[in-house]
Amino acid sequence: MCGIVGYVGPRPVRDVVIEGLSRLEYRGYDSAGIASVEDGAIHVEKAVGRLSNLVDRLSDEGAFSGHIGIGHTRWATHGRPSDDNAHPHRDCRGRFAIVHNGIVENYLQLREDLLAKGHRFTSETDTEVVAHLMEELDTGDLFTTMMAVARQIRGAYALVAMSAEDPNTLVALRKSSPLVVGLGTGENFVASDIPAILEYTRDVYVLDDGQMAVVTRDGVQCFTLEGQPVAKDVLHVAWDPVAAERGGYDHFMLKEIHEQPKAIRDTLSGRISPDGTRVVLDELGWSTEFIQSIDRIHIVACGTSWHAGLVGKAVMERFAQIPVNVEVASEYRYSHPLQTDHTLVVVITQSGETADTLAALRDSKARGRRVLAITNVIGSSAAREADAVLLTLAGPEIAVASTKAYTTQLVALYLLGLYLAQVRGTVDDQTLQEVLSALVSLPQAAEQVLDAAPRIEQFALDYQDARDCFFIGRGLDYALSLEGALKLKEISYIHAEAYAAGELKHGTLALITEGVPVIALATQTHLYEKTLSNIKEVKARDAFVLGLTFAGDDELQKSVDEVIYLPQTMPVVAPIVTVIPLQLLAYYAAVVRGNDVDKPRNLAKSVTVE
Ligand code: AGP
């Protein structure tokens, strides 16, 4: 996710753009930039790091005092955070400028074609391709030029373009990534999100997918990307600015839970072949012989990321048939881990800055191991120090309780496990295609399961005074139980424990008494009957059982008090949707108990100390 701001009107553009970007830093903050048209030329200033670094570079009061401009705060996906990779990007002649949020999936092909035509690139980004394409397809009119550009690029994008030849016009395009047009009097605005413009106007057009807007200070006209005029309704925004930064959600955590379908889609984007038959992870840069040489994998992480690693273990052992150890980073580094020259170390870290995980990474590298980092922050220490990086494209995760980072870590681990299996020849084509198809259908399944939110909220309300809560499951459902218990503990402060369902009777069953809430996960069909038996064990002690199973299962409801039905999918990829009700349960329990959901007590978003 990135932050975009565009302005045309009587105000000095730097005031509007900088203020707007400051309201969007939650969307990305590894670099920022501004461009304006003044005296027939496009001026650009960019700075890696926080927005304040860009402001420091705008020391010249007269700079960017023009009346048309665009700005951007970046969440890097292609190309590490740097001045050169910061937006806005320009064409070779500096006559066009562009800012972008999203992914141009076919940028490599376009870049090669443009290089062959003599274009010279100054960044590693996919976005810069658009600026050169504008030069290549220039019709002399920014609107029709951008229509021509839209026909060439594939992927998810929100673009705002500007031309030195037309200092009164911005052209905005939307395909999957959000974009709104703020409607002022004698001035108009474009932004990737409403908070950026609330100070100036509460009346907006929300561009729909496949739409574009031609914005001048005197008016806004909307079209389809094919140039057909579109009538738009004015949306009057009643939010306060703080709520607006949360996209209208009460908390960042709820916003991020609801962003998971998009985050899953973005993390899959470009990593499955167009025909859906193969995993494409060339970005790892691994040779076939290296992949075939791996004889063990050590997954090392903390907290929720460690829970993701447990799912990764199941996937890699099942499909790639490589033995996997999943280690808590704070233990691993002092456990004299048995590594060989053929051990692949995989660190999973949303922030890329967790001290224990980084220490495990550095120790492993010092021993000569190949290290892969699965991380959500492209410029993080883990991303910079690992030998290879597999990015989760979840966008910035602000809430301390990790949600969309976890589900996108799972996506990355499925892709990695299937990729290893594909190269090592340990998975047949049919199975590979079936699992990939199930992964591709997950964003929609995640959308569906979010519909269960009201029922989960009611359950949280009913059990807000619970002293203990237990999560049980077998196989992958046990790994999910661990994540569900952590979510509930860390934000509702209710004591919660996860148990392998078959383990309860070896002691913990003593704690199951009348009314104790038990969340029972039953998605692993090959273990269903055994799980059902364990559910009956706790019901026999009068526990209150909330069961999670697939839609169409009429059996479970006979043995539990309430059931949450999940959209049908392959059990092996079920974790990515099973976790969503568990996240919602923790969220609503924390809300009903009046806790600070996004900043729970004693915790930090990134634990940079040991
Ligand atoms: C998850 O909800 C917690 N905030 C915490 O367990 C977190 O997953 C852990 O600290 C690891 O963080 P990382 O992924 O940034 O390394």
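Placed above this text is the structure.
This one's a predicted model, so the numbers in the text were calculated from it and none came from an experiment. (Residues numbered from 1 in each chain as written. Predicted model: local features only at pLDDT ≥ 70, side-chain atom pairs only at ≥ 80, totals over all residues. Heavy atoms only, no water.)

Asks: Explanation requested: the overall build of the protein chain in the structure shown.
Replies: If you tally the helices and strands in the protein chain, you get 20 helices and 25 strands. Across its three principal directions, the C-alpha atoms of the protein chain cover 80 × 55 × 45 Å. Looking at the 610 residues of the protein chain, the share that counts as buried comes to 61%. Long-range contacts, defined here as pairs at least 24 residues apart, represent 71% of the contacts in the protein chain between residues at least 6 apart. Summed over all atoms, the accessible surface of the protein chain reaches about 22800 Å², with 47% contributed by carbon and sulfur. Here the protein chain holds 55 positive side-chain charges and 81 negative ones, and the gap between their average locations is 3 Å. (Helix = DSSP H or I, 4+ residues; strand = E, 2+ residues; numbered from the N terminus. Buried < 20%, exposed > 50% of the residue type's maximum accessible area, 1.4 Å probe, protein only. Contact = heavy atoms within 4.5 Å. Areas by Shrake-Rupley, 256 points an atom, 1.4 Å probe, with all protein chains shown as cover. Lys, Arg positive; Asp, Glu negative; His and termini not counted. Charge placed at Lys NZ, Arg CZ, Asp CG, Glu CD.)

Asks: Just checking my understanding: could you explain the sheet that holds strand 19 (residues 370-375) for this structure?
Replies: The pairing of strands in a sheet happens through backbone hydrogen bonds and is either parallel or antiparallel. With parallel pairing, five strands are arranged side by side in an open sheet as 17-16-18-19-20. Of all the strands in the sheet, the pair left with one neighbour each is strand 17 (324-328) and strand 20 (388-391). The average angle at which neighbouring strand axes cross in this sheet is 20°, direction not considered. With four bridges connecting them, strand 19 and strand 20 associate as parallel partners. (Pairing = 2+ DSSP bridges. Axes fitted to C-alpha atoms, helices over the stretch in contact; angles between N-to-C directions.)

Asks: Could you clarify how one ought to interpret the pairing of strand 10 (residues 188-191) in this entry?
Replies: Working note: regular strand, side chains alternate between the two faces of the sheet. Where burial is concerned, the two faces of strand 10 agree: the one with Asn-188 and Val-190 and the one with Phe-189 and Ala-191 are both buried. Relative to strand 10, strand 1 (residues 3-8) runs antiparallel, the two being bridged by four bridges. Each bridged residue has a counterpart across the sheet, and for Tyr-7 the counterpart in strand 10 is Phe-189. Pairing between strand 9 (residues 180-183) and strand 10: four bridges, direction antiparallel.

Asks: It is not clear to me how the site of the ligand should be interpreted in this structure. Could you clarify?
Replies: In the vicinity of the ligand, 15 residues are found, and the nearest of them are Ser-305, Gln-350, Ser-351, Thr-354 and Glu-490. Taking Ser-351, its side chain carries an N or O atom lying 2.7 Å from an oxygen atom of the ligand. A distance of 2.7 Å is found between a nitrogen atom of the ligand and a backbone nitrogen or oxygen belonging to Val-400. In the complex, 92% of the free accessible area of the ligand, which totals 410 Å², lies under the protein chains. Counting only elements with at least two residues in the shell around the ligand, the list comes to helix 10 (303-320) and helix 18 (476-492). Grouping the amino acids of the shell around the ligand by side-chain chemistry returns five nonpolar, eight polar and two charged. (Near = heavy atom within 4 Å. Polar contact = N/O pair within 3.5 Å; in protein donor to acceptor, adjacent residues only side chain to side chain. Nonpolar A, V, L, I, M, F, W, Y, C, P; charged D, E, K, R; others polar.)

Asks: For this particular structure, what's the right way to read the sheet that holds strand 7 (residues 155-163)?
Replies: Read from one edge of the open sheet, seven strands run 5-6-7-8-12-13-14, paired in antiparallel fashion. Strand pairing shows two members of the sheet lacking a second neighbour, strand 5 (89-90) and strand 14 (229-230), which therefore form its edges. One ladder, built from two bridges, connects strand 5 with strand 6 (residues 96-104); its direction is antiparallel. In the strand pairing of strand 6, His-89 is matched with Ile-98. Packed on one face of the sheet, helix 4 (residues 127-136) meets strand 5, strand 6 and strand 7 and runs near 135° to strand 6.

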